[in-house]
Amino acid sequence: MTATIAALKPEDAIKALKARGETLAPSFSWQDVYAEEHAQQLTVAKSAGFDILTDLFDGLQTSLAEGKTFRDFASQITPILQAKGWWGVQQVTDPLTGERRKAQLGSTSRLQLIFNANMRVSYAAGHWAAFERNKARRPWLRYVCILDDRTRPEHRKRHNLCLPVDHPYWDTWAPPCGWNCRCTLQSLSDRDVERMRGELKFTPPDDDFVAFTNKRTGEIRMIPRGIDPGWDHNPGKAGYRAFDAAEKLIAAPPVMAAQVNKDPDWLIKPLGDDFARWFDAATAGGRVDRSIVVVGALSDDVLSSLAKGGITPQSGAITLTQQVALHMVRDAKAGAGKAVDMAALRQLPFNLNRPRAVLRDRRDGALLYVFDSGQDPRLAKVVVKIDFADKGRPPGGKAQTIVTNSIRTAGLVETRVLTDKNTYDLMSGTI
């Protein structure tokens, strides 16, 4: 029998690119959208008014998902751009100054730059997702250069630099560190570090900073020599979404989701940051990149208690929809002391990960996650329905039915109410 080997798709990189494609930002100059913003949205200089970003995004997405080369990408997109007039040197109007001047629009070399930059940023975000996911077992990152005559001297100095994943140095010096930078980061285990100790460096070189003035905004930034302006950030970390990692818990076996939930450093901390931003946007009533998000997972204790009652959840993930988030905020604003305050709601991943107790309502089978509510003597409660079917829209996708453990409401409750054993079964924690 002949074995067939198929290349695996870079799923984390694909998700990172798809997330950036949720925000297509036409611009006149690369300096209009700077640094971290580039990693979180798709923009191309001189694109304003040409309606080309969707075409470029679709071409990049196909190339990444299907492993296509730049030649494939260029042959697909060039005729489209030419038909829309985005090609060659033309007179264009600067929307900031109103000035008309000649500018280079589409060309083979520009497409090469667009392709390389977006592929490298997407892969960097995919790699960073893996670094976060595996840092308990592989807690080190090694800076790796391609050592040839094209290597920048400052990058060469950092070859074999080895620092922990969470070291702040990677907030600035994380590849790609410039246009056409070929450097990468490699994750290492403690055993790897011991084996390679003779060739690794554990102290970063001193930075020599250069002042860069953004001519579009007037902002002055001090950038380490060797990093191109606009790349003085961590493009992988900026493009990494904890939500993308958390979404995998929906389809994972509940026991596996519970194991993930034990490691706050991998998921809960970054998920908390992502959730707070999503919560603010979702409760403002605008469109968000996803209408349902994972905010936690059922614990081992809860799964064990449910199993004793003959209940096996279809998923271990705990989710929240934008619609329910809006209702909770309206309740908080109009509840006159009867609802959970906004600060506690914005920290749901933390509160669900470390609840004071989890109870099961005998009347309808719902789970109650209970935690302290600050100065109020009552406890905050979040009601979670097991195996609830929600309509949800993933990033860049259409609405679909998703079965998870869904948060339906939140409120305040007196401790004495929860001690009623005829109504509630204590599954974990104490009241």
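Note that residues are indexed from 1 along each chain, following the sequence as it is written. Local features in this predicted model are restricted to residues whose pLDDT is 70 or higher, and side-chain atom pairs enter the listing and the counts only when it is 80 or higher, whereas totals over whole chains, interfaces and linings include all residues. To obtain the side-chain values, all non-hydrogen atoms of the structure were included, while hydrogens and water were left out.

Visitor: Hey, could you run me through the overall build of the protein in this one?
Guide: Helix and strand content of the protein: 16 helices and 14 strands. Think of it in three bands: residues with accessible area under 20% of the maximum for their type are buried, residues over 50% are exposed, and the middle band is partly exposed, with areas taken using a 1.4 Å probe on protein chains only. For the protein, the residues scored as buried account for 50% of the 431 residues in total. By definition in these notes, contact holds between two residues if any of their heavy atoms fall within 4.5 Å. Here the analysis covers contacts within the protein between residues at least 6 apart in sequence; of these, 66% occur between residues at least 24 apart. Note on areas: Shrake-Rupley, 1.4 Å probe, and residue coverage restricted to the protein chains presented here. Surface accessibility of the protein: about 21,000 Å² in total, with carbon and sulfur atoms responsible for 51%. Only runs of H or I of at least four residues qualify as helices and only runs of E of at least two qualify as strands under DSSP, and these elements are numbered from the N terminus.

Visitor: Sorry if this is basic, but what is going on with the nonpolar core here?
Guide: In summary, soluble globular proteins display a tendency toward joint burial of nonpolar side chains. Think of a nonpolar core as a cluster: buried Ala, Val, Leu, Ile, Met, Phe, Trp, Tyr and Cys residues, connected wherever their side-chain atoms sit within 4.5 Å. Membership of the largest hydrophobic core comes to 47 residues, with the highest contact counts inside it found for Phe275, Trp278, Leu320, Leu367, Tyr369, Val382 and Ile407. When residues of this core are assigned to their parent elements, the largest contribution, six residues, is made by helix H11 (residues 264–283). Residues contacting Leu367, with those up to four places away along its chain left out, are Leu298, Val302, Leu306, Leu359, Arg360, Val382, Val383, Val384, Ile386 and Met427.

Visitor: Would you take a moment to explain the pairing of strand S13 (residues 400–413) for this structure?
Guide: Within a regular beta strand, the side chains point alternately toward one face of the sheet and then the other, so they alternate between its two faces. Direction of pairing for strand S9 (residues 317–321) relative to S13: parallel, over a ladder of two bridges. Bridging from a neighbouring strand, Ile318 pairs with Asn405 of S13. Note: two strands are recorded as paired if DSSP finds a minimum of 2 bridges between them.

Visitor: What am I meant to see in the packing of aromatic side chains here?
Guide: Working definition: an aromatic ring pair is given by the centre-to-centre distance plus the angle between the planes. Side-chain rings of Phe, Tyr and Trp, where Trp is taken by its six-membered ring, are said to pair if the distance between their centres is within 6.5 Å; with planes under 30 degrees apart they count as stacked, over 60 as edge-to-face, and otherwise as tilted. Counted by the stated rule, this structure contains eight aromatic pairs. With centroids separated by 5.3 Å and ring planes inclined at 35 degrees, the aromatic side chains of Phe73 and Phe115 adopt a geometry described as tilted. With Phe73 in helix H4 (residues 70–83) and Phe115 in helix H5 (residues 108–134), this pair connects stretches of sequence that are 42 residues apart. Just as Phe73 is buried, Phe115 falls in that class too. Aromatic pair Tyr169 and Trp170: ring centres 6.0 Å apart, planes at 75 degrees, arrangement edge-to-face. Like Tyr169, the residue Trp170 is buried in the burial classification.

Visitor: Please explain the environment of Leu53 as it appears in this structure.
Guide: Locating Leu53 in the fold gives a position in helix H3 (residues 53–66). C-alpha of Leu53 to C-alpha of Leu81: the two residues are 28 residues apart in sequence and 10.0 Å apart in space.

Visitor: I would appreciate a short explanation of the sheet that holds strand S3 (residues 140–144) in the present structure.
Guide: Backbone-to-backbone hydrogen bonds join strands into a sheet, with any given pair of strands oriented parallel or antiparallel. One open sheet accounts for three strands, arranged S4-S3-S5; its pairing is antiparallel. Two strands in the sheet have a free side with no partner beyond their single neighbour: strand S4 (162–164) and strand S5 (184–188). Ignoring which end each strand starts from, the neighbouring axes of this sheet average 35 degrees apart. Pairing analysis gives three bridges linking S3 to S4, with the strands arranged antiparallel. From the neighbouring strand, Leu141 faces S4, where its bridge partner is Leu163. Note on method: axes are straight lines fitted to C-alpha atoms, helices fitted across the in-contact stretch only, with angles between N-to-C directions ranging 0 to 180 degrees.

Visitor: Just checking my understanding: could you explain the packing of H4 against H5 for this structure?
Guide: When two helices pack together, their arrangement is given by the angle between the helix axes and the distance between those axes. Relative orientation of the contacting elements H4 and H5 amounts to 120 degrees, with a least axis distance of 10 Å. Taken together, the axes of H4 and H5 are oblique relative to one another. Crossing geometry of H4 relative to H5 is assigned as right-handed. Facing Phe70, Phe73, Ala74, Ile77, Thr78 and Leu81 of H4, the residues of H5 in contact are Thr108, Leu111, Gln112 and Phe115. Here the word oblique covers every angle except those under 35 degrees (roughly parallel), over 145 (roughly antiparallel) and from 65 to 115 (roughly perpendicular). Definitions for this section: a left-handed crossing has its near helix turned counterclockwise from the far helix by less than a right angle. A right-handed crossing has that turn clockwise.

Visitor: In this structure, what is going on with unusual backbone geometry? I would like to understand it.
Guide: Leave glycine aside and you will find that most residues have negative phi; peptide bonds, for their part, are mostly trans. Pro176 follows Pro175 through a cis peptide bond whose omega is 0 degrees. Positive phi outside glycine occurs at Asn180, with the angle close to 65 degrees. Counting through the fold element by element, Asn180 comes out in the loop between S4 and S5. Assessed through its relative accessible area of 42%, Asn180 is described here as partly exposed. A positive phi is found at Asp387, a non-glycine position, where the angle reads about 50 degrees. In this structure, Asp387 sits in strand S12 (residues 379–392).

Visitor: Help me out: how do you make sense of the pattern of salt bridges in this one?
Guide: Side-chain pairing between opposite charges can occur once the charged atoms of the two side chains come close. In what follows, salt bridge is the name for a side-chain nitrogen of Lys or Arg lying within 4 Å of a carboxyl oxygen of Asp or Glu. Applying the stated criterion across every chain, the model contains 24 salt bridges. With its nearest N and O atoms 3.0 Å apart, the salt bridge here joins Arg221 to Asp232. With Arg221 in strand S7 (residues 220–224) and Asp232 in the loop between S7 and helix H8 (235–239), this residue pair connects regions lying eleven residues apart in the sequence. Under the relative-accessibility criterion, Arg221 is labelled partly exposed at 21%. In the salt-bridge network here, residues are joined through shared partners; they are Glu154, Lys157, Arg158 and Asp207.

Visitor: Even after reading the chapter, I still don't get the sheet that holds strand S8 (residues 292–297), so can you show me in this structure?
Guide: Here we have seven strands laid out as an open sheet, ordered S8-S9-S13-S12-S11-S10-S14, and mixed in their pairing. Because the sheet does not close on itself, it has two edges, and the strands there are S8 and strand S14 (424–429). Neighbour-to-neighbour, the strand axes of the sheet open up by a mean angle of 35 degrees, direction not taken into account.

Visitor: Mind showing me how you'd approach the side chain of Thr321 here?
Guide: Mapped onto the secondary structure, Thr321 falls in strand S9. For Thr321, a relative accessible area of 6% puts it in the buried group. In protein, a polar contact requires one atom able to donate a hydrogen and another able to accept it; more generally it is a pair of N or O atoms within 3.5 Å, and residues adjacent in sequence count only if both atoms are side-chain atoms. In terms of polar contacts, Thr321 uses its side chain to reach the backbone amide nitrogen of Val324, at 3.2 Å. Setting aside its immediate chain neighbours within four residues, Thr321 contacts Trp278, Ser291, Ile292 and Asp390.

Function cannot be read off these values alone, since they describe shape.
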